[in-house]
Amino acid sequence: ILARITMRLSILSFAACAACMTHAWQPTATVQSSAFVQARGGVADNAAAPSSSTALRMGIGSGARRIRDSIFSKERSREDLKIGIAGFYDRSSKLWEEVWGEHMHHGYYIPEDRTDHVQAQIDLIDEVLKWSGVEDATSVVDVGCGIGGSSRHIASKFNCKAQGITLSPYQANRGNELAKEQGLAGQTSFQVADALDMPFEDNSFDLVWSLESGEHMPDKTQFINELFRVAAPGGRIIIVTWCHRDLEADETELTKKEKRLLAKINRAYYLPRWCSVKDYVDILEEKGMQDIRREDWSYIIAPFWKAVIKSSLNFKSVFGLVKSGFSTQRGAYAMFLMLRGFNKGLIKFGLITC
Ligand code: SAH
């Protein structure tokens, strides 16, 4: 039912966007990108403002390009991706927090029929730490921190400091607000920064934590290089991320059908091309790492998407969805694609540590 509702909402929004492209869509994109530039310490350039007819043409052109790319699930450029991720989380994080709370990641479903989903999410953090052998930390970086749920949990658990980075100005502000409310402002802080170019000194953190953000990174080698650079000697890196299945020995790529499914998810969740857990391990091995461990927890998180879909079936969620706009509605629809990907064994919930 929700699939149909979200599809219709998406089609309606889509039609509305097409009808008033320069009003509804283009200014939103412009506001986001200039907010993004300013949040990152830059200055939006107003000096060469185009005339209104040029702006109209640019607006129509850019809107039409987005519609075309959306229909054909075309891969976004790195810059489009970055602006898109910031805008997507700026728009959808409030609704997610209202329905699900401060953790924006899967839960740990052992036993499989557990119904306290927020506790399942907290348990996932604890179980990942246990699996990685982390019993203590003094200084943590949370790479792709959302609204800071992991940072605050780990900072309280180990009585340590944690710094989170996200591309979304809304998330960074909300993370700092929640830190204040929870009495953790002295221990945790959040800022807008790019994981591929982190604003931290080398060797700064004894725990480098990335929970469900790696899938957004368009360059996995650069991502790993940055995680490595900021990790202190003897520190631990933990990456928990969505991957595609490892390729078989006789395969060079995924099937066309698999690639089509992932391309649709990518449009909805602002993701670049996927890689496998083995690809991550290969990058780490190339860097000379020896103590690399990997695990597939797809079966442990499996009940999560069904729970999210069920949680969307109430007035508050559907109303919130209507208000949140096209990209959040498309994100809601993509939940069903994720579920299909997991069920087909195409999508894996991968853990990697070293
Ligand atoms: N780890 C969080 C949020 C997961 S959602 C949690 O579990 O609650 C994905 C997060 O990755 C978002 O906060 C998004 O802004 C961030 N992200 C994606 N690409 C990024 C990049 N290049 N640099 C920094 N953060 C990024």
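Here the structure is a predicted model, which is why all the values come from computation and not from measurement.

Novice: Can you break down the overall build of the chain residue by residue, with the values?
Specialist: Regarding its fold elements, the chain presents 14 helices and seven strands. Counting the 354 residues in the chain, one finds 51% classified as buried. Summarising the internal contacts of the chain: among those between residues at least 6 apart in sequence, 78% fall at separations of at least 24. Split by element, the accessible area of the chain, about 17,000 Å² in all, is 54% carbon and sulfur.

Novice: I'd like to hear about the site of the ligand, residue by residue, with values.
Specialist: Around the ligand, 19 residues are found, and the nearest of them are Gly144, Thr166, Gln171, Ala195 and Leu211. Side-chain polar atom of Gln171 to an oxygen atom of the ligand: 2.6 Å apart, as the coordinates give it. At a separation of 2.9 Å, a nitrogen atom of the ligand approaches a polar side-chain atom of Asp194. For the ligand, the accessible surface in isolation is 580 Å², of which the surrounding protein chains cover 98%.

Novice: I'd like a description of the packing of aromatic side chains, backed by residues and values.
Specialist: Enumeration according to the criterion identifies 11 aromatic pairs in this entry. With 5.9 Å between their ring centres and 70° between their planes, Trp242 and Tyr269 make a pair best called edge-to-face. On the criterion of sequence distance, the pair formed by Trp242 in strand 5 (residues 231-244) and Tyr269 in helix 9 (residues 256-269) is long-range, its members being 27 residues apart. One aromatic cluster is present, formed by Phe88, Tyr89, Trp96, Trp100, Trp242, Tyr269, Tyr270, Trp274, Phe304 and Trp305 through successive ring pairs. Positioned over the ring face of Phe228 is Lys287, at 4.9 Å from the centre of the ring. In this structure, Arg293 is placed above the aromatic ring of Trp131, and the distance from its NZ or CZ to the ring centre is 4.5 Å.

Novice: Account for the pattern of salt bridges, naming residues and giving values.
Specialist: Pairing is possible between side chains of opposite charge, provided their charged atoms come close. Summed over the entire model, instances satisfying the criterion amount to 20 salt bridges. When the shortest N-O distance is used, the salt bridge between Arg245 and Glu251 registers 2.8 Å. Arg245 sits in the buried class, given a relative accessible area of 13%. Where salt bridges share partners, they join Glu97, Arg174, Glu177 and Glu181 into one cluster.

Novice: Kindly report on unusual backbone geometry, identifying the contributing residues and their values.
Specialist: Here the bond from Ile110 into Pro111 is cis, since omega is 0°, no more than 30 degrees from zero. Although it is not a glycine, Asn159 adopts a positive phi angle of roughly 45°. Within the element layout of this structure, Asn159 appears in the loop between helix 6 (149-158) and strand 2 (161-166). Non-glycine residue Tyr270 carries a positive phi angle of around 55°.

Novice: Which residues make up the environment of Gly350, and what values do they have?
Specialist: Along the chain, the position of Gly350 falls in strand 7 (residues 347-353). Taking C-alpha positions, Gly350 is 8.5 Å from Ser276, a pair spaced 74 residues apart along the chain.

Novice: Before we move on, could you go through the packing of helix 4 (residues 78-100) against helix 7 (residues 169-181) and cite the residues and values that matter?
Specialist: For the pair helix 4 and helix 7, interaxial distance at closest approach is 7 Å and the crossing angle is 40°. By the angle class used here, helix 4 and helix 7 are oblique. Touching Tyr89, Asp90, Ser93, Lys94 and Glu97 of helix 4 are Pro169, Tyr170, Gln171, Arg174 and Leu178, all from helix 7. A class-by-class count of the residues in the contact of helix 4 with helix 7 yields four nonpolar, two polar and four charged.

Novice: So what's going on with the sheet that holds strand 2? Which residues, and what values?
Specialist: Pairing in this open sheet of seven strands is mixed, and the strands run 3-2-1-4-5-7-6 from one edge to the other. What marks the edges here is a single partner per strand, and that holds for strand 3 (188-192) and strand 6 (293-296). Adjacent strand axes in the sheet meet at a mean angle of 15° when their direction is disregarded. Bridging between strand 5 and strand 7 involves seven bridges; their strand directions are antiparallel. Paired with His244 across the two strands is Ile347, which belongs to strand 7. Against the sheet, helix 7 engages strand 2 and strand 3, with an angle of about 165° to strand 3. Packed on one face of the sheet, helix 10 (residues 277-286) meets strand 5, strand 6 and strand 7 and runs near 155° to strand 5.

Novice: Describe helix 7, with residues and values.
Specialist: Taking 1.5 Å of rise per residue, the 13 residues of helix 7 would be expected to cover 18 Å, and the 18 Å separating its terminal C-alpha atoms lies within 8% of that figure. Within helix 7, the full set of buried residues consists of Pro169, Gln171, Ala172, Arg174, Gly175, Leu178 and Ala179. Phi turns positive, to about 70°, at Gly183, one or two residues after helix 7.

Novice: Describe a positive patch on the surface, with residues and values.
Specialist: Positive charge collects at one region of the surface, where Lys256, Lys257, Arg260, Lys264, Arg340 and Lys344 lie side by side. Of note, Lys264 is situated in helix 9.

Novice: Can you tell me about the side chain of Asp123, naming the residues and giving the values?
Specialist: Turning to its location among the elements, Asp123 is positioned in helix 5 (residues 117-132). Using a relative accessible area of 17% as the deciding quantity, one classes Asp123 as buried. If we skip the residues at most four places from it in the chain, Asp123 touches Tyr108 and Arg114.

What counts, and where the lines are drawn
Residues numbered from 1 in each chain as written. Predicted model: local features only at pLDDT ≥ 70, side-chain atom pairs only at ≥ 80, totals over all residues. Heavy atoms only, no water. Helix = DSSP H or I, 4+ residues; strand = E, 2+ residues; numbered from the N terminus. Buried < 20%, exposed > 50% of the residue type's maximum accessible area, 1.4 Å probe, protein only. Contact = heavy atoms within 4.5 Å. Areas by Shrake-Rupley, 256 points an atom, 1.4 Å probe, with all protein chains shown as cover. Near = heavy atom within 4 Å. Polar contact = N/O pair within 3.5 Å; in protein donor to acceptor, adjacent residues only side chain to side chain. Phe/Tyr/Trp six-rings, centres within 6.5 Å; stacked < 30°, edge-to-face > 60°. Lys NZ or Arg CZ within 6 Å of the ring centre and 35° of its normal. Salt bridge = Lys/Arg side-chain N within 4 Å of Asp/Glu carboxyl O. Axes fitted to C-alpha atoms, helices over the stretch in contact; angles between N-to-C directions. Parallel < 35°, antiparallel > 145°, perpendicular 65-115°, else oblique. Nonpolar A, V, L, I, M, F, W, Y, C, P; charged D, E, K, R; others polar. Pairing = 2+ DSSP bridges. Expected span 1.5 Å × (residues − 1). Patch = residues over 30% accessible without salt bridge, like charges linked within 9 Å, V, L, I, M, F, W, Y side chains within 5 Å. Lys, Arg positive; Asp, Glu negative; His and termini not counted. Charge placed at Lys NZ, Arg CZ, Asp CG, Glu CD.

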